[in-house]
Amino acid sequence: MNLILLFDDDFIAPARVRLSDRRYAHIRAVQQPEAGETLKVGLLNGAIGRARVLSVDDQSIELETCLEETPPTALPLTLIMALPRPKMLKRTLQTIATMGVKRLCLINSYRVDKSYWSSPLLGDDTIREQLLLGLEQAGDTQLPDVSLHKRFKPFVEDELPAIAADTRALVAHPYEASECPPAEQTPTTLAIGPEGGFIRYEVEKLQQAGLAPIHVGQRILRVETAVPVLLARLFPPL
């Protein structure tokens, strides 16, 4: 936990918070601060700063906050990803939040098992929990927006063209594709397929929506590996 995320209901007075949940447990067990020491904190979807420890006991910790810094710059990216296996989804949600993705569209695909869509991991609270873990790791406060699209064709035909318009629009595909373009801080739309990749029909529909196929070399990567590799290749370090 490189940043302690604060929420509006943590405040017991202006600039003063009390924590007694897992954040408190982490602070008490790992950071072990004494009164007067400072911790790095940030308000969800708000500013970052420092918090001075006012008191800490066996039940809670109270902090006095000063939030004056802006969070890290977000990637100018809409990530479109075929819904992965539930276990992989948890890791991927944390990864995209850590790396600065602020818009994620989870879509259906021929190779996405129907059972994935009934996973409890797609609940709003569970998705939020994984995103918060990613933000804490990165020292960020801006929560990504995640949307679910269970029908491939309506999304690609009716919504994707507007999303991809005036962006660097790409689909990661290892076959009949161009080499990944150089890193550039430019508005981008990127689609990543399921394990086994998009089928030909899906690639063609994505191309009709304006997305150009790209690859990152001869090796075929799992989704959880492909996501950070592609983001690191497409955008310069911030």
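In what follows, the accompanying structure is described. (Residues numbered from 1 in each chain as written. Predicted model: local features only at pLDDT ≥ 70, side-chain atom pairs only at ≥ 80, totals over all residues. Heavy atoms only, no water.)

### Here's the deal with the overall build of the chain
Counting secondary structure elements, the chain contains six helices and 13 strands. The principal-axis extents of the C-alpha atoms in the chain amount to approximately 60 × 35 × 30 Å. Once local pairs closer than 6 in sequence are excluded, the contacts in the chain between residues at least 24 apart make up 70%. When the accessible surface of the chain is totalled, it reaches about 12,100 Å², and 47% of it is carbon and sulfur. (Helix = DSSP H or I, 4+ residues; strand = E, 2+ residues; numbered from the N terminus. Contact = heavy atoms within 4.5 Å. Areas by Shrake-Rupley, 256 points an atom, 1.4 Å probe, with all protein chains shown as cover.)

### Concerning the nonpolar core
Residues Leu 160, Leu 190 and Phe 198 are the most contacted members of the largest nonpolar core, which totals 57 residues. Not counting residues within four places of it along the chain, the set of residues in contact with Leu 160 comprises Ile 80, Phe 155, Thr 189, Leu 206, Ala 209 and Leu 211. The next biggest cluster of nonpolar side chains, apart from the first, holds 13 residues, and it includes Leu 6, Tyr 24, Leu 39 and Val 41. (Core = buried A, V, L, I, M, F, W, Y, C linked by side-chain atoms within 4.5 Å. Buried < 20%, exposed > 50% of the residue type's maximum accessible area, 1.4 Å probe, protein only.)

### What to know about the sheet that holds strand β12 (residues 188-192)
Sheet architecture is open: seven strands sit in the order β9-β8-β7-β12-β10-β13-β11, paired in parallel fashion. Only two strands of the sheet have a single neighbouring strand rather than two, namely β9 (145-149) and β11 (178-179). Against the sheet, helix α4 (residues 152-164) engages β7 (77-82), β8 (103-107), β9, β10 (168-172) and β12, with an angle of about 160° to β8. (Pairing = 2+ DSSP bridges. Axes fitted to C-alpha atoms, helices over the stretch in contact; angles between N-to-C directions.)

### Overview of the environment of Leu 143
Assignment of secondary structure puts Leu 143 in the loop between α3 (124-138) and β9. When the C-alpha atoms of Leu 143 and Gly 46 are compared, they prove to be 9.7 Å apart, with 97 residues separating the residues in sequence. Sequence-distant contacts of Leu 143, defined by excluding residues within four places in its chain, comprise Leu 44, Asn 45, Arg 128, Leu 131, Leu 132 and Leu 135.

### Some remarks on the sheet that holds strand β3 (residues 16-19)
Spatial ordering of the open sheet is given by β1-β4-β5-β6-β3-β2, a layout of six strands whose pairing is mixed. Where the open sheet ends on each side, the last strands, each with one partner, are β1 (4-6) and β2 (11-13). Averaged over all adjacent pairs, the angle separating strand axes in this sheet is 40°, with direction ignored. Judged from the three bridges that link them, β1 and strand β4 (residues 38-43) form a sheet pairing that is parallel. Residue pairing across strands places Leu 5 opposite Gly 42, the latter belonging to β4.

### Topic: the packing of helix α2 (residues 86-99) against α3
The N-to-C vectors of α2 and α3 enclose an angle of 45°; their axes lie 7 Å apart at closest approach. By the angle between their directions, the pair α2 and α3 is classed as oblique. Here α2 and α3 pass one another in a crossing that is right-handed. Between α2, through Lys 90, Leu 93, Gln 94, Ile 96, Ala 97 and Thr 98, and α3, the contact on the second element is made entirely by Ile 127, Gln 130, Leu 131, Leu 133, Gly 134, Leu 135, Gln 137 and Ala 138. (Parallel < 35°, antiparallel > 145°, perpendicular 65-115°, else oblique. Left-handed = near helix turned anticlockwise from the far one by under 90°.)

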